[in-house]
2 protein chains.
Amino acid sequence: MPEKAIIAVDALGGDNAPDVVLDGVAQALAADADLTVILCGPDEVVTPFAAAHERCVAQPCTEAISMGEHPAQAVRKKKDSSIVVGCRLVKEGAAQGFFSAGSTGACLAAATLVMGRAKGVARPALATVIPSPVRPVVMCDVGANADCKPEYLVQFARMGSVYAQKMLGIESPRVALLNIGEEEEKGSQFAQEAHKLMREKVPNFAGNAEGGDVLAATFDVFVTDGFTGNVCLKTIEGTSKVLFKTLKGIMMGSLSAKLGALALKGGLTELKTQVSADTYGGAPLLGVKGACIVGHGSSSALAVRNGVLVSARQVREGVSELIAQTASAS
Amino acid sequence: MPEKAIIAVDALGGDNAPDVVLDGVAQALAADADLTVILCGPDEVVTPFAAAHERCVAQPCTEAISMGEHPAQAVRKKKDSSIVVGCRLVKEGAAQGFFSAGSTGACLAAATLVMGRAKGVARPALATVIPSPVRPVVMCDVGANADCKPEYLVQFARMGSVYAQKMLGIESPRVALLNIGEEEEKGSQFAQEAHKLMREKVPNFAGNAEGGDVLAATFDVFVTDGFTGNVCLKTIEGTSKVLFKTLKGIMMGSLSAKLGALALKGGLTELKTQVSADTYGGAPLLGVKGACIVGHGSSSALAVRNGVLVSARQVREGVSELIAQTASAS
């Protein structure tokens, strides 16, 4: 039997909040009988929902942080926003994890400022599970730290490895540095220094990877600065989107194509599910004291459901605690 | 009637040289009656081929630069290698352009050292046409300069714009900076400074782009440092490759799927051609005195054919001269 898990959820996160969030939370509660959700948002939204759902507690808040606001400023100013309140619930021990499909920047700022960094972690990093049809892989950082020092990447490698072990069940994850050539002397000054440090300090370091290796799942964990990682992640998502859209056009192009497409429907639906970001529900911020998962702004109810369930699993697997142990031991 | 064009070709470039190169050159000569090729390589390879083909001149060389060699050292040492000789033919005016599917680094080093930088160009940059099913777009730099100063990107924007105008026929190309958010304050310190400079100095600058915008062709020219550009390019190629391979697996999965796939074959073949790097034959090095196009190491004969033809078109369109004018005027 899984342990109980208590996850704070931002009812206002995402382009289609609160409806999609409420729908996703209801699905998550139905899927996991040991899950409790503390729903943070306007009283008129969260109180009736909590009253109508078992294991859901309302946490009314009076403020909201929108996508356009300056993250750190908004977090400092809006102490009663759903994002800040959700992180505070984790800090105070009322919840063990926090999920939001709202402003990534505000979630990162709130988690870092309110939950706090794990001891020994210089920079918390945003990781993500890249949904590859080969097998899922982890990339870290995908946007929390646009400017990095090479030594941060050593920590990203360790945190990403813990995540791959615990959440993907890969016992000995092979870690690669995202670079522009296989040879160790390849890449920018930064990449060369990061390679050297990782070679020294990351026992499961397997060398340089290139952009094409990510979806091909040549390695298990791809380590990079948040700028390159974000470009790479969005390039994968955008490339898949354009190719699927073009494919759809081809399949609708004629009657015979439509009939042909019918025969492939099962396989294609499976592939679309495999490569959909919705399957993994969000990106975990690693290196803070508690679980914090940030979903896409465009999250569907399914993505919210999965994001909440992944948050609960991350809590049960003790990912944050293990990262803190690893960081303070090194 | 197109003007005559003389292109030096490295017979030793690529994983399947010289056979694939000779095949591609023969196809290019057949396709363009005003093209002359000077074929650089071992006497026993180039002399019989030139004897058997009209408008092909042999340029025997005694040395070869392999993929694994240190580019700049190899170029300095091997004065009689096919790459150095090809670039020297351009420098001396015997040829107007050079094509190789060999070591990218060696081609860049040879073109820069032997042909020389165009006046006013701080750093020549490797551009590429990204084959999108929406419409082709230009990305620059995709790997010549892993470390950049923000001001280089202003030049990449200008050079990329000239290339889009002349080679893709886009009269007023919209230039974007590859970044990790649309807002101008987004991104690394480097990206923020580059954004500010481009805003000031590039009249056709249209703002920030994200990784997903490249294949979606949201803009015409994507400007970036060579590290990020290379990761992005290889991510697009690798993502397409994995998705096509998975799709093929689905189509071969059952008899009904095989039959269904038959009805889609025409459309899928067209899509594969559209997104194939072979269609554009290679990446031009912009900002040197002459045309220099570098093909993929895995170039097929078709890719070599297209690379040679694109080199000839670049010569006829006067791309290098226009870039030199633009650079020295600014």
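Procedures and definitions
- Throughout, residues of each chain are indexed from 1 in the direction in which the sequence is written.
- Throughout, the order in which chains and ligands are written sets their labels, letters from A for the former and numbers from 1 for the latter.
- Since the coordinates come from a predicted model, pLDDT governs what is reported: local features require at least 70, and pairs of side-chain atoms require 80 or more to be given and counted, while whole-chain, interface and lining totals use all residues.
- Side-chain descriptors were evaluated using all non-hydrogen atoms of the structure, hydrogens and water having been removed beforehand.
- The helix count covers DSSP runs of H or I at least four residues long, the strand count covers runs of E at least two residues long, and both are numbered beginning at the N terminus.
- Radius of gyration means the value over C-alpha atoms here, while the globule rule gives 2.2 Å times the residue count to the 0.38 power.
- Should any heavy atoms of two residues lie within 4.5 Å, those residues are considered in contact.
- Only the protein chains shown count as cover for residues, and all accessible areas are computed by the Shrake-Rupley method using a 1.4 Å probe.
- Positive charges come from Lys and Arg alone, negative charges from Asp and Glu alone, with His and the N- and C-terminal ends not counted.
- Charged groups are reduced to one reference atom each: NZ for lysine, CZ for arginine, CG for aspartic acid, CD for glutamic acid.
- Take the number of residues in a helix, subtract one, and multiply by 1.5 Å to get its expected span.
- A pair of strands is treated as paired once DSSP finds two or more bridges between them.
- Helix axes are fitted to C-alpha atoms over the stretch in contact, other axes to C-alpha atoms as well, and angles between N-to-C directions run from 0 to 180 degrees.
- Only residues with pLDDT of at least 70 in both copies contribute their C-alpha atoms to the least-squares superposition of the copies.
- Accessible area is worked out with a 1.4 Å probe on protein chains only. A residue is then buried under 20% of its type maximum, exposed over 50%, and partly exposed in between.
- Residue-level confidence of the predictor is what pLDDT reports, using numbers from 0 through 100.
- What is meant by a nonpolar core is a set of buried Ala, Val, Leu, Ile, Met, Phe, Trp, Tyr and Cys residues, joined one to another through side-chain atoms within 4.5 Å.
- Whenever a carboxyl oxygen of Asp or Glu lies within 4 Å of a side-chain nitrogen of Lys or Arg, that contact is scored as a salt bridge.
- Once two parts are brought into contact, the accessible area they lose, counted with a 1.4 Å probe and summed over both, makes up the buried area.
- Any pair of nitrogen or oxygen atoms within 3.5 Å is treated as a polar contact; in protein, a donor-acceptor pairing is required on top of that, and neighbouring residues in sequence qualify only through side-chain atoms on both sides.
- Residues were grouped as follows: Ala, Val, Leu, Ile, Met, Phe, Trp, Tyr, Cys and Pro as nonpolar; Asp, Glu, Lys and Arg as charged; and all remaining residues, including Gly, as polar.
- Handedness of each helix crossing follows the sense of rotation of the near helix against the far helix: counterclockwise by less than a right angle gives left-handed, clockwise gives right-handed.

### Notes on the overall build of chain A
When helices and strands are counted, chain A shows twelve helices and eleven strands. A globule of 330 residues ought to have a C-alpha radius of gyration of about 20 Å, and chain A, at 20 Å, matches this closely. Taking the principal axes of its C-alpha atoms as reference, chain A extends roughly 60 × 60 × 40 Å. In chain A, once contacts between residues fewer than 6 apart in sequence are set aside, the share between residues at least 24 apart is 69%. Roughly 13,100 Å² of accessible area belongs to chain A as shown, and the carbon and sulfur atoms make up 53% of that amount. On chain A, the mean spot of the 31 positive side-chain charges and the mean spot of the 33 negative ones are 1 Å from each other.

### With respect to helix α7 (residues 189–201) of chain B
Here α7 of chain B is 13 residues long and its end C-alpha atoms lie 18 Å apart, about the 18 Å a rise of 1.5 Å per residue gives. Buried residues belonging to α7 of chain B abut α9 (226–251) of chain A together with α6 (150–168), β7 (175–178), β8 (205–209) and β9 (221–223) of chain B.

### A few points about the sheet that holds strand β9 (residues 221–223) of chain A
All names here are of chain A. Taken together, eleven strands build an open sheet; the order of strands is β3-β2-β1-β4-β11-β10-β5-β6-β9-β7-β8 and the sheet is mixed. With partners counted over all chains shown, the strands left at the sheet margins are β3 (56–60) and β8 (205–209), one partner each. For this sheet, the mean angle separating the axes of adjacent strands, direction not counted, is 25°. Together, β7 (175–178), β8 and β9 form the strand contacts of helix α7 (residues 189–201), whose direction differs from that of β8 by roughly 165°.

### Observations concerning the relation of the copies chain A and chain B
In this arrangement, two copies of a chain are superimposed by a rotation about an axis accompanied by a shift along the axis. The two copies are related by a screw motion: chain A maps onto chain B through a turn of 180° and a shift of 0.0 Å along the axis, at an RMSD of 0.0 Å. The relationship between the two copies is best expressed as a two-fold rotation axis. Residues of chain A ranked by C-alpha distance from the rotation axis are headed by glycine 260 of chain A, positioned 1.7 Å from it. A share of 100% of interface residues in chain A that are also interface residues in chain B marks the association as one of identical surfaces.

### A closer look at unusual backbone geometry
Here the amide bond leading from alanine 17 of chain B into proline 18 of chain B is cis, since omega sits at -5°, within 30 degrees of zero. Backbone torsion omega between cysteine 140 of chain B and aspartate 141 of chain B reads 10°, so that peptide bond is classified as cis. Mapped onto the elements, aspartate 141 of chain B comes out in the loop between β6 (137–140) and α6. We note that arginine 55 of chain A has phi near 55°; this positive angle belongs to a residue other than glycine.

### Let's talk about helix α1 (residues 19–31) of chain A
All names here are of chain A. Helix length check: α1, at 13 residues, gives a terminal C-alpha distance of 18 Å against a target of 18 Å (1.5 Å per residue), a fit within 8%. Listed as buried for α1 are Val20, Val21, Leu22, Gly24, Val25, Ala28 and Leu29. Packed against the buried residues of α1 are β1 (5–10), β2 (35–41), α2 (43–52), β3 and α11 (301–317).

### Some points on the confidence of the model for chain A
When pLDDT is averaged along chain A, the result is 94, and 99% of the positions lie at 70 or above. The complex model carries a pTM of 0.95, and its ipTM stands at 0.94.

### Describing the nonpolar core
Among the nonpolar cores identified, the biggest contains 122 residues, and Phe98 of chain A together with Phe98 of chain B are the most heavily contacted of them. Of all hydrophobic cores here, the second largest spans 61 residues; its members include Phe156, Val223, Val315 and Val319 of chain B.

### Thoughts on the pattern of salt bridges
Applying the stated criterion to the full structure yields 14 salt bridges over all chains. We note a salt bridge from glutamate 69 of chain A to lysine 78 of chain A, for which the minimum N-O separation is 2.9 Å. Here lysine 78 of chain A falls in the buried class, since its relative accessible area comes to 15%. One salt bridge in this structure joins glutamate 317 of chain B and arginine 313 of chain B, with 3.9 Å as the shortest N-O distance. Note that glutamate 317 of chain B and arginine 313 of chain B are positioned in helix α11 (residues 301–317) at a spacing of four residues, about one turn of the helix. By relative accessible area, which is 32% here, glutamate 317 of chain B ends up partly exposed. The partly exposed category is assigned to arginine 313 of chain B, whose relative accessible area is 35%.

### Side note on the interface of chain A and chain B
Listed by partner, the interface residues are 43 residues for chain A and 43 residues for chain B. Across the interface of chain A and chain B, roughly 3,700 Å² is buried in total on both sides, 78% from carbon and sulfur atoms. One salt bridge in this structure joins lysine 234 of chain B and glutamate 210 of chain A, with 2.3 Å as the shortest N-O distance. The tally of links between chain A and chain B comes to eight residue pairs in polar contact (both at pLDDT 80 or more). Elements that contribute at least two residues to the side of chain A that touches chain B include exactly α7, α8 (211–216), α9 and α10 (255–274) of chain A. Of the residues belonging to the side of chain A that touches chain B, the class tally is 24 nonpolar, 16 polar and three charged.

### As for the sheet that holds β7 of chain B
Residue and element names in this part refer to chain B. The eleven strands are arranged β3-β2-β1-β4-β11-β10-β5-β6-β9-β7-β8 in an open sheet whose pairing can be described as mixed. This sheet does not close on itself; its edge strands, each paired only once, are β3 (56–60) and β8. On average, each strand axis in the sheet is tilted by 25° relative to the strand beside it, whichever way the strands run. In this sheet, β3 lies alongside strand β2 (residues 35–41) in parallel orientation, the contact comprising five bridges. Residue pairing for β3: leucine 39 is matched across the bridge by alanine 58. Sitting on the sheet, helix α1 (residues 19–31) touches β1 (5–10), β2 and β3, and the angle it makes with β2 is about 165°.

### Digging into the packing of helix α4 (residues 82–91) of chain A against helix α5 (residues 104–115) of chain A
Residues and elements named next belong to chain A. Remark: α4 packs on α5, axes separated minimally by 9 Å, with the N-to-C direction vectors making an angle of 35°. For the pair α4 and α5, the crossing hand works out as right-handed. For the pair α4 and α5, the contacting residues are Ile83, Val84, Cys87, Arg88, Val90 and Lys91 in the first and Ala106, Cys107, Ala110, Ala111, Val114 and Met115 in the second.

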